[in-house]
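Here is what each chain is made of, one letter per residue.
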Amino acid sequence: MSKIIDVEGLTKVFPPSTKAVDGVSFSVDEGEIFGFLGPNGAGKTTTMRVLSTLTSITEGTATVAGHDVGREPGPVRESIGVVPQEVTLDNELKGIENLMLSARLQHVPKKEALEQAGELLRLVELDGAADKRVRTYSGGMKRRLQLTTALIHRPKVLFLDEPTSGLDIQTRTKVWEYLKQLNRDGLTIFMTTHYLEEADQLSNRVAIMDHGVIKVSGIPSELKDRLHGDVLTLEFVDGAGDLTTLLKRIGEVAEVTRTGEVYRLKLPKVETAMPGILSAVTASGLKIKQMSLTKPTMDQVFLEVTGRSMRDAEEPQGNGSGSYGAVYAEVKTR
Amino acid sequence: MMSESLAIGGRAITKWLRNPFAVIAALIQATFWLVLFGNSFNPANAFASSPLGGGSLGFFQQAFGGATNYITFLTPGVIGIVSLTTMSFMGVDTVLDRLSGYLDMLSTYPIPRTSIYFGAMIQNITKAMATAVVTFLLAFFVPNGLRLVQGFSMVDLLGVLLTFALLSLVFSALFSGIAISVKSTDSFFALVNFLTFPIMFTSTALFPIGFFPSWMKPYAQANPVSLASEATRLLIVKGALTAAQTWSFAGDVAGLLAYGVVFGALGILMARNALRAR
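The rules behind these values
- Residues numbered from 1 in each chain as written.
- Chains lettered and ligands numbered in written order.
- Predicted model: local features only at pLDDT ≥ 70, side-chain atom pairs only at ≥ 80, totals over all residues.
- Helix = DSSP H or I, 4+ residues; strand = E, 2+ residues; numbered from the N terminus.
- Buried ≥ 20, exposed ≤ 12 C-beta atoms within 10 Å, placed from the backbone.
- Contact = placed C-beta atoms within 7 Å.
- Rg over C-alpha atoms; globule rule 2.2 N^0.38 Å.
- Expected span 1.5 Å × (residues − 1).
- Pairing = 2+ DSSP bridges.
- Axes fitted to C-alpha atoms, helices over the stretch in contact; angles between N-to-C directions.
- Core = buried A, V, L, I, M, F, W, Y, C linked by C-beta atoms within 7 Å.
- pLDDT = per-residue confidence, 0-100.
- Parallel < 35°, antiparallel > 145°, perpendicular 65-115°, else oblique.
- Left-handed = near helix turned anticlockwise from the far one by under 90°.
- Nonpolar A, V, L, I, M, F, W, Y, C, P; charged D, E, K, R; others polar.
- Domains from an automatic or database assignment.
- Right-handed = clockwise from strand over helix to strand, strands pointing away.

Draft legend 1. The overall build of chain A, seen in detail. Helices and strands together make up the secondary structure of chain A, namely 13 helices and 14 strands. Along the first, second and third principal axes, the C-alpha set of chain A runs to 75 × 50 × 50 Å. Split into buried and exposed, the 334 residues of chain A put 39% on the buried side. Looking at chain A alone, contacts between residues at least 24 apart form 70% of all its contacts between residues at least 6 apart.

Draft legend 2. The arrangement of the overall build of chain B in detail. Helix and strand counts for chain B stand at 13 helices and 0 strands. For chain B, the α and β elements follow one another from N to C terminus as α-α-α-α-α-α-α-α-α-α-α-α-α. On C-alpha atoms alone, chain B measures out to a radius of gyration of 20 Å, which is about the 19 Å that the 2.2 N^0.38 rule sets for 278 residues. Dimensions along the principal axes, computed over C-alpha positions, put chain B at roughly 70 × 40 × 35 Å. Of all 278 residues assigned to chain B, the portion counted as buried reaches 46%. The contacts in chain B between residues at least 6 apart in sequence include a share of 83% that link residues at least 24 apart.

Draft legend 3. Main features of helix α1 (residues 2-18) of chain B. Between the first and last C-alpha of α1 of chain B there are 24 Å, a value that for 17 residues agrees with the 24 Å anticipated at 1.5 Å per step. Within α1 of chain B, burial applies to Glu 4, Ser 5, Ala 7, Ile 8, Gly 9, Arg 11 and Ala 12 of chain B. Against α3 (95-105) of chain A together with α6 (92-99) and α8 (114-138) of chain B lie the buried residues of α1 of chain B.

Draft legend 4. Structural detail: the sheet that holds strand β2 (residues 18-29) of chain A. Residues and elements named next belong to chain A. The strand order across the open sheet formed by 4 strands is β2-β1-β4-β5, and the pairing between neighbours is antiparallel. The open sheet has two edge strands with one neighbour each: β2 and β5 (67-68). Bridge count for strand β1 (residues 3-14) against strand β4 (residues 59-64) is 5 bridges, and the pairing is antiparallel. The residue of β4 that forms the bridge with Asp 6 is Thr 63. Sitting on the sheet, helix α1 (residues 44-51) touches β1, β2 and β4, and the angle it makes with β1 is about 120°.

Draft legend 5. Structural detail: the environment of Val 262 of chain A. All names here are of chain A. Position of Val 262 among the secondary structure elements: in strand β13 (residues 262-267). Val 262 sits 32 residues away from Thr 294 along the chain, and the two C-alpha atoms are 15 Å apart. Setting aside anything within four residues of it in sequence, one finds Val 262 in contact with Thr 233 and Glu 235.

Draft legend 6. Highlighting the nonpolar core. Counting residues in hydrophobic clusters, the biggest one holds 141 residues, and the most contacted among them are Phe 159 of chain A together with Val 170 of chain B. A total of 13 residues in this core trace back to one element, the largest contributor, which is helix α9 (residues 154-181) of chain B. In contact with Phe 159 of chain A, other than residues within four places in its own chain, are Met 48, Leu 51, Ser 52, Ile 80, Gly 81, Val 82, Val 83 and Phe 190 of chain A. Core analysis: the next-biggest nonpolar cluster, separate from the first, contains 8 residues, Tyr 263, Leu 265, Leu 267 and Val 281 of chain A among them.

Draft legend 7. View of helix α12 (residues 224-238) of chain B. Here α12 of chain B is 15 residues long and its end C-alpha atoms lie 21 Å apart, about the 21 Å a rise of 1.5 Å per residue gives. Of all 15 residues that make up α12 of chain B, 14 are buried, and the element is covered over most of its length.

Draft legend 8. Layout of the sheet that holds strand β12 (residues 255-259) of chain A. Residue and element names in this part refer to chain A. Strand order across the open sheet formed by 4 strands is β12-β13-β11-β14, with antiparallel pairing between neighbours. Lying at the two open borders of the sheet, with one neighbouring strand each, are β12 and β14 (288-294). Within the sheet, the average angular offset between the axes of one strand and its neighbour, ignoring direction, is 20°. Sheet analysis places β12 next to β13, joined by 5 bridges and oriented antiparallel. Of the residues in β13, the one forming a bridge with Thr 259 is Val 262.

Draft legend 9. Focus on the confidence of the model for chain A. Of all residues in chain A, 93% attain a pLDDT of 70 or more, and the chain-wide mean is 87. Low confidence marks residues 315-334 of chain A, where pLDDT is under 50. Its contacts with residues over four positions away, or in another chain, come to 36 contacts.

Draft legend 10. Examining the packing of α1 of chain B against α8 of chain B more closely. All names here are of chain B. Running from N to C, α1 and α8 cross one another at 40°; their axes reach a closest spacing of 7 Å. Compared by their axis directions, α1 and α8 come out oblique. Crossing geometry of α1 relative to α8 is assigned as right-handed. Between α1 and α8, the residues in contact are Glu 4, Ser 5, Leu 6, Ile 8, Gly 9, Ala 12, Ile 13 and Trp 16 and Ser 115, Ile 116, Phe 118, Gly 119, Ile 122, Gln 123, Thr 126 and Lys 127, respectively. Here the contact of α1 with α8 is composed, by residue class, of 8 nonpolar, 6 polar and 2 charged.

Draft legend 11. Representation of the packing of helix α5 (residues 70-90) of chain B against α12 of chain B within the structure. Residues and elements named next belong to chain B. Closest axis-to-axis distance for the α5/α12 pair is 9 Å, and the angle between their directions is 145°. The handedness of the crossing between α5 and α12 comes out as right-handed. Packed against α5, whose contacting residues are Thr 72, Phe 73, Pro 76, Gly 77, Gly 80, Ile 81 and Leu 84, the element α12 presents Val 225, Ala 228, Ser 229, Thr 232, Arg 233, Ile 236 and Val 237 at the interface. Taken together, the residues of the contact of α5 with α12 sort by class into 8 nonpolar, 5 polar and 1 charged.

Draft legend 12. Expanded view of the domain arrangement of chain A. Assigned domains of chain A: these are domain 1 (3-224 + 309-332) and domain 2 (228-293). Taking only C-alpha atoms, the centre of domain 1 of chain A and the centre of domain 2 of chain A are 45 Å apart.

Draft legend 13. Region of interest: the pairing of β12 of chain A. With 0 of its 5 residues buried, β12 of chain A lies for the most part at the surface. Turn length for the β12 of chain A-β13 of chain A hairpin, with the two strands adjacent in sequence and antiparallel, is 2 residues, and the turn residue Gly 260 of chain A shows positive phi of about 60°.

Draft legend 14. The arrangement of the confidence of the model for chain B in detail. Residues and elements named next belong to chain B. Predicted confidence across chain B gives a mean pLDDT of 89, with 96% of residues reaching 70 or more. Within chain B, helix α13 (residues 243-275) carries the highest mean pLDDT (95), whereas helix α3 (residues 43-49) carries the lowest (71). What the predictor reports for the complex is a pTM of 0.83 with an ipTM of 0.85.

Draft legend 15. Expanded view of the pairing of strand β8 (residues 188-193) of chain A. All names here are of chain A. Most of β8 sits out of view: 6 of its 6 residues are buried. Neither face of β8 is open: one carries Thr 188, Phe 190 and Thr 192, the other Ile 189, Met 191 and Thr 193, and all of them are buried. Two strands pair when backbone bridges link them, and strand β3 (residues 33-37) and β8 are joined in this way by 5 bridges, in the parallel orientation. Residue Phe 36 lies in a different strand from β8, and its bridge partner there is Thr 192. Examined bridge by bridge, strand β7 (residues 157-161) and β8 share 5 bridges and lie parallel to one another. Bridge pairing in β8 places Phe 159 opposite Phe 190. As for the winding sense of the linkage, the β-α-β connection from β7 through helix α6 (residues 169-184) to β8 is right-handed.

Draft legend 16. Broad picture of the environment of Leu 286 of chain A. All names here are of chain A. Take Leu 286: it is sitting in the loop between α10 (270-283) and β14. Separated by 50 residues in the primary sequence, Leu 286 and Phe 236 place their C-alpha atoms 7.4 Å from one another. The residues contacting Leu 286, other than those within four sequence positions of it, are Phe 236, Ala 240 and Val 281.

Laid out in structure tokens, this is it:
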């Protein structure tokens, strides 16, 4: 697999001295979905703006599709599609007009654009609404249309900034499906998100960013495995006595805590520990009343690497977070 | 470049045709100027009641470049003023495009940055020309309205349209550049107010050059609204121009063109600077 995005020691300082991104290095392979995870103000959007040629680099290098984003912005722009956090469609134009405007600015020949538009609108299930003005669309419809405007020229890389923030869970799941479909067709996707579940569900690889630095990156399941955080909860039939010592003796059990007849066993990996536990329990003639299993979540991964849970890390809009939504709302009310 | 500019400008023109509020507002403004200002401040009345003027039309005509009534004199000026004010306020669309992230989105497309500036100019010139033409027609129907010189020809009409087009080019070049550069609606309106009033009051839109004190005269004569007003007045008041008048007309047009080139160059620099990655 070749690297389609390659970032080395990327630093971005906004004058006078706000370091939004601090020496970040990572690469994305062709055909991957790469999730950039972190709270607001972590530097995710700034990194994405650098990669989409909107923000200049203070130090380091970044290439997209083989072109340096600072020196060759033209070829970079030709190979990318960008879906910003805020919807940037024209409300007074129809869905199809927004899409065709995007095609024209991407230099897609009209005939080809119309075919591609039909295909994309079917994918995001907007083919029935294409001739309606965007002002009549729901928030979810706008997001879906916005996605198509970034794909009309068949880009190599799609940049998504918080693709589903503010969407209801149903629409969110739909958007995930579209993205998975597009990825299966060969599209590389780079997305920022502060939804842990989104990064987990969608990405082949994730990087967790906080305060301008990548804290950890890797395959989501591996990151979670690294926590050794599987928890098996066993409830025994009454009158079994204290089983703590017995359970602790089983090979892979790291920790046992007891509440009445309920025992919480911390295991490195439940899949390999389970057979040993079951045979030990059966050998002692004990009867299990109930059992349940908790796998670690991305939130625990986040907690582990940043020392805070994702929710606590959410702070007021940081520097260079790039969202103009609030400002716009203010202006419109005047 | 041209195709992208047309696409960007076309977006705004389509919007405007669906919701022509901005131009209707401009036409209402023009109507107020012509009907209310044109009649209430009509200097011909003052001349008529003054013992010095002796009620003679000749005295008024002498002061007002040969116009047979005040609204004939005023119409080109009103077109200039309305072009100036509406064009400056139309720029707010571009500021809102920046705030909503639309300009950023355009900046991720493989298009020349200047096509965003030219796109804004195309839409503003189109709107301003539409306003100018309707205002011109409107002026015929207001009380004591516009009276063209006998023998006003197609060529004269084309000259009038050329003058309007150049004036809208001048202002759209200036205000589109400002609109792309500013970061908020507040600073945009502050700048607009700072520029429009001095331009309006140092022009010969409302009164002839003879009314200005000598220290203001050079500014008034060089003012683009004055250039457009004077050029148009020659055509609608004098008709078949003498050689000297033709030169005077050509001088005004050349002046407007020079403003257009200077403001255009300035606007391109401002747009490039405002839209580069930073």
